[in-house]
Amino acid sequence: MAKHTNIYVDKDIKILELESDVVKVLKDNNVKTVGDVWVLNRKKLKALGLKDSDIKQVIIKLQLLGLDLNKRMYS
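Fair warning: this is a prediction, and the values are worked out from it, not measured in the lab.

## A few points about the environment of Arg42
Its place among the elements puts Arg42 in helix H3 (residues 42-48). Taking the C-alpha atoms as reference points, Arg42 and Leu62, 20 residues apart in sequence, are found 13 Å from one another. In this structure, Arg42 is in contact with Asp52, Ile55, Ile59 and Leu69, ignoring residues within four places of it in sequence.

## So, the environment of Val58
By the element assignment, Val58 lies in helix H4 (residues 52-64). Along the sequence, Val58 and Leu45 sit 13 residues apart, while their C-alpha atoms lie 9.5 Å from each other. Residues in contact with Val58, not counting those within four places in the same chain, are Leu18, Val22, Val37, Leu45 and Leu69.

## Focus on H4
Between the first and last C-alpha of H4 there are 18 Å, a value that for 13 residues agrees with the 18 Å anticipated at 1.5 Å per step. All buried positions along H4 are accounted for by Asp54, Ile55, Gln57, Val58, Ile59 and Leu62. Among the structural elements, helix H1 (20-28), helix H2 (34-38), H3 and strand S1 (67-68) are those in contact with the buried residues of H4. Of the residues one or two after H4, Gly66 is the one with positive phi, at around 85°.

Cut-off values and rules
- Residues numbered from 1 in each chain as written.
- Predicted model: local features only at pLDDT ≥ 70, side-chain atom pairs only at ≥ 80, totals over all residues.
- Heavy atoms only, no water.
- Helix = DSSP H or I, 4+ residues; strand = E, 2+ residues; numbered from the N terminus.
- Contact = heavy atoms within 4.5 Å.
- Expected span 1.5 Å × (residues − 1).
- Buried < 20%, exposed > 50% of the residue type's maximum accessible area, 1.4 Å probe, protein only.

Coordinates in, geometry out; function isn't part of it.
Structure follows, in structure tokens:
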């Protein structure tokens, strides 16, 4: 079985089309790809300085790609 089968995991986080302040927080914390976000959980995102509304935005954008926080994947 492949490590991940989602084509978006290695793409830059800009494809998530998040608000620029959210992208800045993520990039400042060395989170550069969709996969980098995908392996995080809500608690870790909060620790990076994101607000609940920012985290909801991240979750929704990931779900549109068939992914969710904490390395969950939808088919």
